[in-house]
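Single-letter residue listing:
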Amino acid sequence: MGAIVPSGKALARAIVAHAQISEGQVVVELGAGSGSFTRELLAQNPKISLTVFEMSVDLAAGLRRDFPRAQVVALPAEDLPKVAAALGILRIDRVVGGLPWALWGESRQAAVLDAIVPFLTPQARMVTFHYVHSRSLGRVATTRRLLQERFEQVTYSEPVWANVPPAFVHISQGVKIRG
Ligand SMILES: C[S@@+](CC[C@H](N)C(=O)[O-])C[C@H]1O[C@@H](n2cnc3c(N)ncnc32)[C@H](O)[C@@H]1O
């Protein structure tokens, strides 16, 4: 699944802090695993609409049990356009990503982004993470370039050293209008 161990509280807090979520927003989480980010998202933002895409049927079942407030979908994130209307998703304000970007080649990363980005509001923010050690694999640079092609502003947080392994948050905002 790409994670060495589920993300810790420090990374979950950093992810949620950088997402800058407001009451009433439509939030979509991608690749929730056992729910480290989901737990923090809902604890800090009880009044959001949260839909979680987790492609593992077993993990999705656990998320449904642990987070009845969230709408949990056991499908790959790439399928969002096919099911958005049925899920009541017309627009997305915040995307919180736990997907294993660094394990994927460019075409898969682009396919996920191109499924999500058309739903984003102009002020939307997308936050995701990479492990510090995965920078040397070169795929962080690929993810960053793909994000920069789609967002006006793409920045990194300081590393969250308390996470095992240490990770940093990628923050993207300002969706580019694409012709
Ligand atoms: C790196 S783990 C992260 C889990 C959790 N967010 C965390 O940080 O502890 C990645 C998760 O993404 C899920 N996943 C992988 N590809 C996916 C996809 N295309 N759509 C939705 N979920 C996916 C995996 O099943 C796994 O649970």
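Residues numbered from 1 in each chain as written. Predicted model: local features only at pLDDT ≥ 70, side-chain atom pairs only at ≥ 80, totals over all residues. Heavy atoms only, no water.

K.L.:
Even after reading the chapter, I still don't get the overall build of the chain, so can you show me in this structure?
P.N.:
Broken down by element type, the chain carries six helices and seven strands. In the chain, the succession of α and β elements from N to C terminus is α-β-α-β-α-β-α-β-α-β-α-β-β. With the C-alpha coordinates aligned to their principal axes, the bounding extent of the chain is approximately 40 × 40 × 30 Å. Across the 179 residues in the chain, those meeting the buried criterion constitute 53%. Contacts in the chain between residues at least 24 apart in sequence constitute 68% of all its contacts with a sequence separation of at least 6. When the accessible surface of the chain is summed, it comes to about 8,300 Å², and 56% of that surface belongs to carbon and sulfur atoms. Put simply, the chain has 19 plus and 14 minus side-chain charges, and the middle of one group is 2 Å from the middle of the other. (Helix = DSSP H or I, 4+ residues; strand = E, 2+ residues; numbered from the N terminus. Buried < 20%, exposed > 50% of the residue type's maximum accessible area, 1.4 Å probe, protein only. Contact = heavy atoms within 4.5 Å. Areas by Shrake-Rupley, 256 points an atom, 1.4 Å probe, with all protein chains shown as cover. Lys, Arg positive; Asp, Glu negative; His and termini not counted. Charge placed at Lys NZ, Arg CZ, Asp CG, Glu CD.)

K.L.:
Can you help me understand the pattern of salt bridges in this one?
P.N.:
Pairing between side chains becomes possible if they bear opposite charge and their charged atoms approach one another. Overall, the coordinates contain ten salt bridges when judged by the stated rule. Across the pair K9 and E40 runs a salt bridge whose closest N-O atoms are separated by 2.9 Å. Note that K9 is positioned in helix α1 (residues 9–19) and E40 in helix α2 (residues 36–44), a separation of 31 residues in sequence. By relative accessible area, which is 48% here, K9 ends up partly exposed. We classify E40 as buried; its relative accessible area is 6%. For R65, the salt bridge identified is with D66, shortest N-O distance 3.1 Å. Here D66 falls in the partly exposed class, since its relative accessible area comes to 36%. Through salt bridges that share partners, E106, D114, R145, E149 and R150 make up one connected network. (Salt bridge = Lys/Arg side-chain N within 4 Å of Asp/Glu carboxyl O.)

K.L.:
Even after reading the chapter, I still don't get the packing of aromatic side chains, so can you show me in this structure?
P.N.:
The description of an aromatic ring pair rests on the distance of the ring centres and on the angle between the ring planes. The final tally for this structure, using the stated rule, is four aromatic pairs. Both rings, one in W101 and one in W104, keep their centres 5.7 Å apart while their planes meet at 70°; by these two values the pair is edge-to-face. Residue classification places W101 among the buried positions, given a relative accessible area of 2%. Here the aromatic rings of F129 and Y131 are separated by 5.4 Å at their centres, their planes lie at 70°, and the arrangement is edge-to-face. Note on F129: relative accessible area 9%, which makes it buried. (Phe/Tyr/Trp six-rings, centres within 6.5 Å; stacked < 30°, edge-to-face > 60°.)

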